Amino acid sequence: MHFVTMQIQRARPEDVAFLKRIAIAAFSPYIRRIGRKPAPMQADFPALVAAGEVWTLSHMVDIVGYIVMRPEHSSLHVENVAVHPEQHGHGFGRALMDFAEGEARRQGLERLDLYTNAKMRENAAFYSTLGWQETARRNEQGFERIYFGKSISS
């Protein structure tokens, strides 16, 4: 059996370059499908890191993924989650989503929420397999978005 060593920790200012590289690698393939850069590629990572809203996932010594999240009302909002495409298939995305769920529980929140671009069909399917439920579809800022929610069970 192969054991994967991974660590999730709050992002530091020196991680910003890695975050940007992962966002570009993970979301560039969607530019053609969407017709413009996906919102996560335009994220203000320095400000998000300074606000304490970004967590990195490292495998061995390399940062291979991240999650941006913040409490909003009684929910933990997952703003963005990405794993470098070269690291897909190792459970890193699931680990980040499990981490978010644990954080919501730790903070005493009742649910999690997120949205994804409707043209990122793979992401919508991934969230569904993790037990997230579609709650709405909206066109915002020129993006066709699917909203998902997940209740926290005690």
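Residues numbered from 1 in each chain as written. Predicted model: local features only at pLDDT ≥ 70, side-chain atom pairs only at ≥ 80, totals over all residues. Heavy atoms only, no water.

### Overview of the confidence of the model for the chain
Okay, so step 1: Within the chain, residue pLDDT values average 93, and 97% of them lie at 70 or more.
Okay, so step 2: Confidence, read as mean pLDDT per element, is least for helix α5 (residues 121-129) in the chain (93) and greatest for helix α3 (residues 45-50) (98). (pLDDT = per-residue confidence, 0-100. Helix = DSSP H or I, 4+ residues; strand = E, 2+ residues; numbered from the N terminus.)

### Topic: the side chain of Asp15
Okay, so step 1: You can see Asp15 is positioned in the loop between β1 (6-10) and α1 (16-27).
Okay, so step 2: Not counting chain neighbours up to four residues away, the residues in contact with Asp15 comprise Thr56 and Ile63. (Contact = heavy atoms within 4.5 Å.)

### Re the pairing of strand β5 (residues 111-117)
Okay, so step 1: β5 sits mainly inside the fold: 5 of its 7 residues count as buried.
Okay, so step 2: When strand β4 (residues 75-83) meets β5, the two strands line up parallel, connected through 4 bridges. Pairing of Leu76 across the sheet is with Leu112, part of β5.
Okay, so step 3: This β-α-β element, β4 to helix α4 (residues 92-106) to β5, shows right-handed connectivity.
Okay, so step 4: In the sheet, β5 pairs with strand β7 (residues 143-151) via 7 bridges, with the strands oriented antiparallel. Bridge pairing in β7 places Thr116 opposite Ile146. (Buried < 20%, exposed > 50% of the residue type's maximum accessible area, 1.4 Å probe, protein only. Pairing = 2+ DSSP bridges. Right-handed = clockwise from strand over helix to strand, strands pointing away.)

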